[in-house]
Amino acid sequence: MLYAVICRDKPGHLQTRLDTRDSHVAYLKSTPVVLAGPFLENGEMCGSLVVVEQPDLEAAQEWAAGDPYAHAGLFESVSVTEWKRVIG
């Protein structure tokens, strides 16, 4: 099943994102990610959208909790919801 992981950064935590980016990208590349990228505000990264393939919601939530960004305390909020591909 596909799950959308929608994360919003804590305000003023861009440096945390930059410091953790390499380990975050390595994590994404080592797991079943369908697509991923940052949200931008005024050209500055402020959150993430990741679509992952996991067997169920609990596994998708565990995947989100394992993200190095989550471990670094970057996120103000994280939402994990089942997602259906229609186009693309």
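To be clear, the structure that these remarks concern was listed above.
Keep in mind the model is a prediction, meaning the values are calculated, not measured. Counting from 1, residues in each chain are numbered in the order their sequence is written. Owing to the predicted nature of the model, reporting of local features is limited to residues with pLDDT of at least 70; listing and counting of side-chain atom pairs is limited to 80 or more, with chain, interface and lining totals taken over all residues. The side-chain numbers reported here are obtained from all heavy atoms of the structure, hydrogens and water having been left aside.

Let us now look at the pattern of salt bridges. Any carboxyl oxygen of Asp or Glu that lies within 4 Å of a side-chain nitrogen of Lys or Arg is treated as forming a salt bridge with it. Under the defined criterion, the tally for this structure stands at one salt bridge. Of the charged contacts in the structure, one is a salt bridge between Asp9 and Arg17, with a shortest N-O distance of 2.7 Å. For the pair shown, Asp9 and Arg17 are each scored as buried. We call a residue buried when its accessible area falls under 20% of the maximum for its residue type, exposed when it is over 50%, and partly exposed in between, using a 1.4 Å probe and counting protein chains only.

A separate point is the sheet that holds strand β4 (residues 75–83). Spatial strand order, β2-β3-β1-β4: four strands in an open sheet with antiparallel pairing. Two strands bound the open sheet, and with one partner strand each, they are β2 (33–41) and β4. Pairs of neighbouring strands in the sheet enclose a mean axial angle of 15°, with direction left out of account. Any two residues whose heavy atoms approach within 4.5 Å are treated as being in contact. Where helices are involved, their axes are fitted lines through C-alpha atoms of the stretch in contact, as for all axes, and angles between N-to-C directions lie from 0 to 180°. Only DSSP runs of H or I covering at least 4 residues are called helices, and only runs of E covering at least 2 are called strands; the numbering of each starts at the N terminus. Where helix α1 (residues 14–29) meets the sheet, it contacts β1 (2–9), β2, β3 (44–53) and β4, and its direction lies at approximately 20° from that of β3. Running over the sheet, helix α2 (residues 57–66) touches β1, β2, β3 and β4 and is turned about 150° from β4. Two strands qualify as a pair provided that DSSP identifies no fewer than 2 bridges between them.

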